[in-house]
Amino acid sequence: MSMFWKPGTEKPQLLDDEEGGVLFLSSSQSSSSSSRYGYASMGKQRLPVHKYRTEILYLVETHATTIIVGETGSGKTTQIPQYLKEAGWADGGRAIACTQPRRLAVQAVASRVAEEMGVKLGDEVGYTIRFEDITNTSVTMIKFLTDGVLLREMMDDPLLTKYSVIMVDEAHERSISTDILLGLLKKIQRRRPDLRLIISSATIDAKSISAFFQPSKRHRGLEGQGLSPRKEPAILSVEGRGFDVRIHYVEEPIADYVRASVSTVMLIHEQEPPGDILVFLTGQDDIDAAAQLITEEARTVVKNSSGLIVLPLYSGISRAEQELVFSPTPRGKRKVVISTNIAETSVTLEGVVYVVDSGFSKQRFYNPIPDIENLVVAPISKASARQRAGRAGRVRPGKCYRLYTEEYFVNEMSAEGIPEIQRSILVSCVIQLKALGIDNILGFDWPASPSPDAMIRALEVLYSLGVLDSDAKLTSPVGFQVAEIPLDPMVSKIILSSNQLGCSEEIITIAAVLSVQSIWFSSRGAQKELDEAKLRFAAAEGDHVTFLNVYKGFLQSGKSSQWCHKNFINYQAMKKVMEIREQLRKTAKKLGMVLKSCDNDMEVVRKAITTGFFANACRLEAYSHNGMYKTLRGSQEVFIHPSSVLFRVNPKWVLYYSLVSTDRRYMRNVITIDPSWLTEIAPHFYHHQGPNPATH
Ligand SMILES: Nc1ncnc2c1ncn2[C@@H]1O[C@H](COP(=O)(O)OP(=O)(O)OP(=O)(O)O)[C@@H](O)[C@H]1O
């Protein structure tokens with residue numbers, strides 16, 4: 001594929017500037033002593049944020065909320081928590097929290113800050129993500145965590161009393177958890193005048209966040225009394241950035257962004273000086289495809305192919321693969337990291353000089369009326385594009401190749417993405433708020449209001465699960481217990497039911513497997529071998545029971561990595577399953593469950609699954625020759641996904657775990673059921689709300 005590149009219109013980047021051009025023209029900072037890459041990582045004092053240290057500390061001291069906007073790489077995430085600690089905000093047993101929307105960023109920045117401070121990760125500096133807590137309550141002063149984990153902490157400590165300052169970083173991402181957190185923190189502030197909030201990002205609309213945190217008339221008037229800070233939020237712009245990032249656009253729109261990104265990587269490899277390449281694609285499929293094409297091209301076309309190390313980066317990869325991405329590039333080699341948007345914010349990959357931005361990411365879109373959530377490949381926003389470009393230029397000057405035209409960037413790309421809360425299923429969000437005592441969810445002070453239809457849908461689902469009562473309050477004990485388990489409420493519900501049905505060991509294993517991306521090792525070109533390996537474990541009852549067979553085999557092999565390799569099973573994913581399983585067993589015991597195995601009685605296992613997923617029941621269409629099912633609720637046409645062991649088997653009655661839409665709506669992770677279970681387990685749902693399976 002031949003592509004023509006055009007440098008962006010050169011002009012210094014201002015904070016609100018949405019033009020193309022050289023991003024962030026600066027600065028005297030690009031001359032420094034030598035390092036592995038010929039440029040040293042900037043000393044802490046040389047980061048743009050350093051000049052603002054006193055001002056930041058003053059604003060935090062005197063304002064309840066401080067909004068800090070500073071270019072990518074200016075030092076917000078790694079430096080501000082350290083300034084706060086040095087200024088005494090972590091004295092007296094208190095801690096400073098810094099939230100991130102993504103687990104990868106939490107781990108990466110915590111490691112970096114611990115390294116800068118010369119402390120062991122997990123002591124003064126630690127992190128917590130779901131199922132992984134690397135902190136020590138008595139000594140951790142700076143804690144990085146996902147915004148979702150901070151919400152969970154509120155269930156035990158609603159006013160978050162152990163934190164003196166909470167920094168909500170990368171707030172522009174507007175994940176569901178960030179939005180809930182912002183609403184709740186605003187409430188907490190009224191009860192805790194000593195708490196300080198920092199909202200930070202490179203690409204946030206500071207004015208609208210500031211408007212959200214303006215005190216209402218009712219709560220004004222307390223300022224200046226005693227030690228109360230000012231309630232009006234302060235806004236600080238951190239000017240300047242590390243190194244130049246030169247932006248290039250394609251001259252003409254391109255048709256195939258995977259092939260175009262491969263050509264761009266090869267072009268950089270042939271023509272540009274040393275430096276790693278970070279490519280942003282959308283998901284595992286196109287990342288694997290691009291990795292394969294780059295490896296092939298490097299072998300056949302480029303003479304110095306031995307210099308390329310191609311590494312994928314998406315949420316399902318193993319810890320070992322993740323470590324390779326962050327480890328230094330061997331001398332004489334060039335790493336090509338091909339990533340989803342998990343590396344879009346906060347992350348510094350030290351060797352990266354070149355960024356290739358496809359202009360797309362996978363995004364959720366939920367439509368509450370047919371109740372369908374689609375994961376679709378959609379254009380990114382300008383804010384994302386700027387974050388992606390900002391992954392270059394962190395330790396030396398860089399270049400960003402955008403696989404879209406400058407005209408498109410300037411005139412058509414939206415400034416910011418749609419907040420996740422306005423395009424997702426809200427079941428987990430509703431139960432969390434309920435567990436925190438927020439009863440009037442529609443009246444909650446949202447930074448962006450979710451759709452009432454999606455809310456109602458979520459309330460209906462929770463009511464049908466027996467988690468909420470007819471007054472929309474959490475039921476006792478089921479509702480409170482479901483809220484306590486850090487999983488999707490439907491999965492939490494099946495764990496609870498397994499207690500009565502005597503199959504909790506099996507259901508906890510299934511829940512752990514459903515929490516990892518995939519336990520199968522998918523490798524391009526080896527689909528046939530993978531399918532054959534699956535057949536060795538395939539159970540006629542479906543995927544969940546197949547997972548149990550894999551788990552049993554793994555234990556019998558002595559948890560062997562060779563066994564996994566031979567059977568196309570992802571060893572790292574299985575290790576994660578073991579870890580999650582242990583965590584879930586602890587939670588279950590805390591809830592008073594007695595863990596029991598049903599010894600191969602797969603009927604009770606399927607019944608337990610039905611107690612959470614009865615709403616996902618489907619029936620094979622009577623005269624369907626192409627495997628078409630219809631959902632009992634809503635009569636949607638759905639098909640069994642080719643990755644399921646029931647693909648082409650097409651049993652009459654099934655339940656699915658999730659739906660994905662591509663050319664068709666596919667059910668993933670499917671089990672067979674007996675339709676009489678539906679009226680037995682969920683009579684309220686099938687007698688009053690939906691079609692009665694008995695009449696089919
Ligand atoms: N792991 C690392 N290795 C080398 N340098 C790093 C690392 N992490 C951070 N840095 C240096 O510190 C700088 C500031 O990083 P930091 O994450 O604090 O910036 P930021 O303003 O929060 O950026 P962003 O908005 O992109 O998250 C980087 O540009 C880089 O120079």
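Note that this is a predicted model, so its numbers are computed, not measured.

What counts as what
- Residues numbered from 1 in each chain as written.
- Predicted model: local features only at pLDDT ≥ 70, side-chain atom pairs only at ≥ 80, totals over all residues.
- Helix = DSSP H or I, 4+ residues; strand = E, 2+ residues; numbered from the N terminus.
- Rg over C-alpha atoms; globule rule 2.2 N^0.38 Å.
- Buried ≥ 20, exposed ≤ 12 C-beta atoms within 10 Å, placed from the backbone.
- Contact = placed C-beta atoms within 7 Å.
- Domains from an automatic or database assignment.
- Nonpolar A, V, L, I, M, F, W, Y, C, P; charged D, E, K, R; others polar.
- Pairing = 2+ DSSP bridges.
- Arc of directions from axis to C-beta.
- pLDDT = per-residue confidence, 0-100.
- Near = placed C-beta within 6 Å.
- Axes fitted to C-alpha atoms, helices over the stretch in contact; angles between N-to-C directions.

Counting its regular elements, the protein contains 23 helices and 22 strands. Relative to the globule expectation of 26 Å for 696 residues, the C-alpha radius of gyration of the protein, 26 Å, shows essentially globular dimensions. Counting only C-alpha atoms, the protein reaches 75 × 70 × 50 Å along its principal axes. Burial statistics for the protein: of 696 residues in total, 46% are counted as buried. Once local pairs closer than 6 in sequence are excluded, the contacts in the protein between residues at least 24 apart make up 72%.

Attention now moves to the domain arrangement of the protein. How big an interface is tends to be stated in terms of accessible area lost as the parts join. By domain assignment, the protein separates into domain 1 (14-24 + 40-216 + 227-238), domain 2 (245-418), domain 3 (421-482) and domain 4 (485-681). Computed from C-alpha atoms alone, the centre-to-centre distance between domain 2 and domain 4 is 33 Å. Between domain 2 and domain 4, the contact holds 12 residues from the first and nine residues from the second. At three residues, the largest contribution of residues to the side of domain 2 that touches domain 4 is made by strand S16 (residues 372-379). Looking at the side of domain 2 that touches domain 4 residue by residue, the class counts come to four nonpolar, five polar and three charged.

Further remarks concern the pairing of strand S2 (residues 65-70). Along S2, six of the six residues are buried, which leaves the element largely enclosed by surrounding structure. Side chains Thr65, Ile67 and Val69 project from S2 onto one buried face, and the interleaved Thr66, Ile68 and Gly70 project onto a second face that is buried too. Where S2 meets strand S8 (residues 196-201), five bridges bridge the pair, whose relative direction is parallel. Among the inter-strand pairings, Thr65 is bridged to a residue of S8, identified as Leu197. Pairing analysis gives five bridges linking S2 to strand S9 (residues 234-238), with the strands arranged parallel. Across the sheet, residue Val69 finds its bridge partner in S9, namely Ser237.

With that settled, consider helix H6 (residues 206-213). Those residues of H6 that fall on the buried side of the exposure criterion are Ala206, Ile209 and Phe213. Taken around the axis of H6, the buried residues stretch over an arc of 70 degrees, which confines them to a single face. Residues of H6 that are exposed and point more than 90 degrees away from the buried face comprise Lys207, Ser208 and Ala211. Buried residues along H6 sit against S2, helix H5 (176-191), S8 and S9.

Right, let's get into the confidence of the model for the protein. Looking at the protein as a whole, the pLDDT averages 87, with 91% of positions reaching at least 70. The model gives residues 10-41 a pLDDT under 50, and that stretch makes 66 contacts with residues more than four places away or in other chains. The ipTM assigned to the predicted complex is 0.97, against a pTM of 0.85.

With that settled, the discussion passes to the site of the ligand. As a structural note, the neighbourhood of the ligand is formed by 22 residues, with Thr72, Gly73, Thr77, Thr78 and Thr348 the closest of them. In terms of residues, the shell around the ligand owes the most to one element, helix H2 (residues 76-86), which gives four residues. Counting the residues that make up the shell around the ligand, at least three belong to each of domain 1 (14-24 + 40-216 + 227-238) and domain 2 (245-418).

Here we come to the sheet that holds strand S7 (residues 163-169). The sheet built from eight strands is open, its strands ordered S5-S4-S6-S3-S7-S8-S2-S9 with mixed pairing. Either end of the sheet is taken by a strand with one partner, and the two such strands are strand S5 (132-134) and S9. Neighbour-to-neighbour, the strand axes of the sheet open up by a mean angle of 20 degrees, direction not taken into account. Bridging between strand S4 (residues 125-129) and strand S6 (residues 142-146) involves four bridges; their strand directions are parallel. Directly across from Gly126, in S6, lies its bridge partner Lys143. Its contacts with the sheet put helix H4 (residues 147-156) on strand S3 (95-100), S4, S6 and S7, and the angle it makes with S6 is roughly 105 degrees. This element, H5, spans S3, S7 and S8 of the sheet and lies at about 150 degrees to S7.

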